[in-house]
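# Commentary on secondary and tertiary structure
As a plain string of letters, each chain reads:
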Amino acid sequence: MKRMMILLSCLFFLNGCGSSEKVQTEIPAAVPASAETVAAEKQAAEYELADTVLRDYRTQLEEAREINADVQALLAFQSGLCIDPVLQNHGTTDYLYTDWRTGEYQSYGSIALDQENDLARDDMNTILYGHYIYAFRNKDRSLVFTPLAQLMEAKNYRDNRYVSLITETAIRYYEVASVFPCPMVETAAGQVCAPDFQYNLVEYDEVYFKRYLNAIEKAQYYDTGVILCYGDRLLTLQTCIEDHPESRLIVLCKEMERRKF
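Residues numbered from 1 in each chain as written. Predicted model: local features only at pLDDT ≥ 70, side-chain atom pairs only at ≥ 80, totals over all residues. Heavy atoms only, no water.

Turning to the nonpolar core, a few remarks are in order. Nonpolar side chains in soluble globular proteins tend to end up buried together. The biggest cluster of nonpolar side chains holds 54 residues, and the ones touching the most others in it are L128 and L148. Of all the secondary-structure elements, those providing two or more residues to this core are strand 1 (71-77), strand 3 (111-113), strand 4 (125-129), strand 5 (162-166), strand 6 (170-187), helix 3 (206-219), strand 8 (234-240) and strand 9 (247-260). A per-element tally of this core places strand 6 first, with 7 residues. Among residues more than four places away in sequence, those in contact with L128 are L75, V86, I111, A112, L113, F145, L165, L235, T236, L237 and Q238. Y47, L54, L87 and Y173 belong to the second-largest nonpolar core, a separate cluster that totals 17 residues. (Core = buried A, V, L, I, M, F, W, Y, C linked by side-chain atoms within 4.5 Å. Buried < 20%, exposed > 50% of the residue type's maximum accessible area, 1.4 Å probe, protein only. Helix = DSSP H or I, 4+ residues; strand = E, 2+ residues; numbered from the N terminus. Contact = heavy atoms within 4.5 Å.)

Before going further, it helps to spend a moment on a negative patch on the surface. On the surface, D56, E62, E63 and E66 cluster together into a negatively charged patch. Assignment of secondary structure puts E62 in helix 2 (residues 51-67). (Patch = residues over 30% accessible without salt bridge, like charges linked within 9 Å, V, L, I, M, F, W, Y side chains within 5 Å. Areas by Shrake-Rupley, 256 points an atom, 1.4 Å probe, with all protein chains shown as cover. Salt bridge = Lys/Arg side-chain N within 4 Å of Asp/Glu carboxyl O. Lys, Arg positive; Asp, Glu negative; His and termini not counted. Charge placed at Lys NZ, Arg CZ, Asp CG, Glu CD.)

Our next topic: the pattern of salt bridges. Within the structure shown, the criterion is met by 13 salt bridges. The salt bridge involving R141 is made with E242; its shortest N-O contact spans 3.9 Å. Of this pair, R141 sits in the loop between strand 4 and strand 5 while E242 is found in the loop between strand 8 and strand 9, placing the two residues 101 residues apart along the sequence. A relative accessible area of 28% means that E242 is categorised as partly exposed. One salt bridge in this structure joins R211 and D196, with 2.3 Å as the shortest N-O distance. Residue R211 is located in helix 3, and its partner D196 is located in the loop between strand 7 (190-193) and helix 3; the two are separated by 15 residues in the primary sequence. With relative accessibility at 30%, the residue D196 sits in the partly exposed group.

This is the structure in structure tokens:
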């Protein structure tokens, strides 16, 4: 199992089947849908970004990469809760305290991809880290992962449950599956996540993944109704919780669709 990484800064299984007697009914012949109809229906999917919005995000990504080649993607909540570049970490804290535009030190830093993730691969779990900034330093609560605190309340879930990760070659659509506080354990080297809450693994084996889901189900702030199963592709967002240094806020998302450009 991957290292217990030092950090700075549904969920249950259902098996159901039904049976019923067959009833003879007359079924009208299906009428083939036109290409235009199929495209319109697909675009109407609730989680998908409009073409104009997606084009704008791809332009933002291209412009960001011209500034810094370490920009790997653009993270965008459909609601606009967070829209930020994602930087490739080459060490544990490279971009957590670095302004991605200038390369200079910045206390709240940038949103960083786990150093063991590679967006060119098909990792089971893509992990992003970002700071939470207290109100006295960020009155509009907009910096990096500060807005994720809104997802701690069930009333804010529906409007903010869809997330996209846009790369140069594809868009990945996700739905927020669980929001929970991860307990941290003090060690001689620093804080690590509790044994059953290892959200920072790029790959899971099936036995541990069931333990993880069971721990999440007991700890989550509310039930989203999204079911997670072994083999799902995940996006994990991590930040701090105000006045609770013993925990980290985890927003765990399930991939719904991946579309190449």
